[in-house]
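Coordinates in review
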Amino acid sequence: MNEKKVNIEDSWYEQLKDEFDKEYFQKLKQFLVEEKKQHVVYPPGSLIFNAFNTTPFDKVKVVLLGQDPYHGPGQAHGLCFSVPHGIKPPPSLINMYKELNSDTGFNIPNHGNLESWAKQGVFLLNATLTVRANMAGSHQNKGWETFTDKVISTLSEKRENLVFVLWGRYAQAKEVLIDKNKHLVLKAAHPSPLSAHNGFFGCKHFSKINDYLREKGITEIAW
């Protein structure tokens, strides 16, 4: 049996193993090796595939798509929009909590760690899985998007009755990868303070997710 080349949960490895041998992924790995020689890269290597390791392929119910890991010290831990305990919740996440509260009566916690969502089947995927410290977008167009596009299209093709949540134009560009006959796609403005008032607040996506899951006989998410 071949040894796994990437530290990723087994069910995901089965779905994606062909990607790891492709030229683009080999170039991406080489880029990261060189980048780490000269710069601090987030998240730490052991957490790059944290979303996959926390939410196995057959356990995914909801796909929440982010763009880039947070680029400040200690923030990124491989789950989009989430930060570890002890790190102040960033502005986009604070706005998500506000919408959750007005939509469902959710009690806003004093932390920004969304692991409990991930363990229930909310796949917290960033399109780019690494970033250079203090440089937003610095690892875009290095190969990660090819990989995560494959992740999205594989989920669309091989699973059914998933909810894909696309906030902002960047995420909404991924809609072409999703079979809307099999899945629910929810779209709104990004929860960033720059755009949240353009249609994120009041979108009621959190209750819509649970309405859809309930309708399909799938256990709802306890936000």
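Below you will find a few notes about this structure. Bear in mind the structure is a predicted one, so any value in this text is a computation, not a measurement.

Reading the values: the criteria
- Residues numbered from 1 in each chain as written.
- Predicted model: local features only at pLDDT ≥ 70, side-chain atom pairs only at ≥ 80, totals over all residues.
- Heavy atoms only, no water.
- Helix = DSSP H or I, 4+ residues; strand = E, 2+ residues; numbered from the N terminus.
- Expected span 1.5 Å × (residues − 1).
- Buried < 20%, exposed > 50% of the residue type's maximum accessible area, 1.4 Å probe, protein only.
- Contact = heavy atoms within 4.5 Å.
- Phe/Tyr/Trp six-rings, centres within 6.5 Å; stacked < 30°, edge-to-face > 60°.
- Core = buried A, V, L, I, M, F, W, Y, C linked by side-chain atoms within 4.5 Å.
- Axes fitted to C-alpha atoms, helices over the stretch in contact; angles between N-to-C directions.
- Parallel < 35°, antiparallel > 145°, perpendicular 65-115°, else oblique.
- Nonpolar A, V, L, I, M, F, W, Y, C, P; charged D, E, K, R; others polar.
- Pairing = 2+ DSSP bridges.
- Salt bridge = Lys/Arg side-chain N within 4 Å of Asp/Glu carboxyl O.
- Left-handed = near helix turned anticlockwise from the far one by under 90°.

Quick look at helix 4 (residues 91–104) now. For helix 4, with 14 residues, the first-to-last C-alpha span of 20 Å sits near the 20 Å given by 1.5 Å per residue. Restricting attention to buried positions, one finds in helix 4 the residues Ser92, Leu93, Asn95, Met96, Tyr97, Glu99, Leu100 and Asp103. Where the residues of helix 4 are buried, they touch strand 2 (62–66), helix 5 (115–119), strand 5 (163–167) and helix 8 (205–215). Once helix 4 finishes, Gly105 follows within two positions and takes phi at roughly 80°, a positive value.

Applying the stated criterion across every chain yields a total of 23 aromatic pairs. Taking 5.6 Å as the distance between ring centres and 70° as the angle between the ring planes, the aromatic pair formed by Phe49 and Phe52 counts as edge-to-face. A residue is classified by how much of its surface remains accessible, and Phe49, at 8% relative accessible area, is buried. One aromatic cluster is present, built from ring pairs that chain together Trp12, Tyr13, Phe20, Tyr24, Phe25, Phe49, Phe52, Phe57, Phe123, Trp144 and Phe147.

So, about the nonpolar core. Within the largest apolar cluster, 65 residues are counted, with the highest numbers of intra-cluster contacts made by Trp12, Phe49, Phe52, Met96, Phe123, Phe147 and Leu155. The residues touching Phe147, leaving out its near neighbours within four places in the chain, are Leu16, Glu19, Phe20, Tyr24, Phe25, Phe49, Phe52 and Leu129.

Before going further, it helps to examine the packing of helix 4 against helix 8. With their axes 8 Å apart at the nearest point, helix 4 and helix 8 run at an angle of 60° to one another. As judged from the angle between their axes, helix 4 and helix 8 are oblique. Residues Met96, Glu99, Leu100, Asp103 and Thr104 of helix 4 lie in contact with helix 8, whose contacting residues are His205, Phe206 and Ser207. Class assignment for the residues of the contact of helix 4 with helix 8 results in three nonpolar, three polar and two charged.

In this section: the sheet that holds strand 2. Sheet architecture is open: four strands sit in the order 3-2-5-6, paired in parallel fashion. The open sheet has two edge strands, strand 3 (122–126) and strand 6 (184–188), and neither has a second partner. Here the strands of the sheet are splayed against their neighbours by 20° on average, with no regard to which way each runs. Examined bridge by bridge, strand 5 and strand 6 share five bridges and lie parallel to one another.

All chains considered together, the criterion is met by 10 salt bridges. One salt-bridge network, in which partners are shared between bridges, spans Glu175, Lys180 and Lys187.

Here the focus is the pairing of strand 3. Buried residues dominate strand 3, accounting for five of its five residues. Every second residue of strand 3 is oriented toward a common face, with Val122, Leu124 and Asn126 on one face and Phe123 and Leu125 on the other, all of them buried.

Right, let's get into the packing of helix 2 (residues 23–38) against helix 6 (residues 144–158). Here helix 2 crosses helix 6 at 130°, and the two axes come no closer than 9 Å. Overall, the two elements helix 2 and helix 6 adopt an arrangement that is oblique. In the crossing of helix 2 with helix 6, the sense of the turn from one axis to the other is left-handed. Contact residues: helix 2 offers Tyr24, Phe25, Leu28 and Leu32, while helix 6 offers Trp144, Thr146 and Phe147. The class makeup of the residues in the contact of helix 2 with helix 6 is six nonpolar, one polar and no charged.

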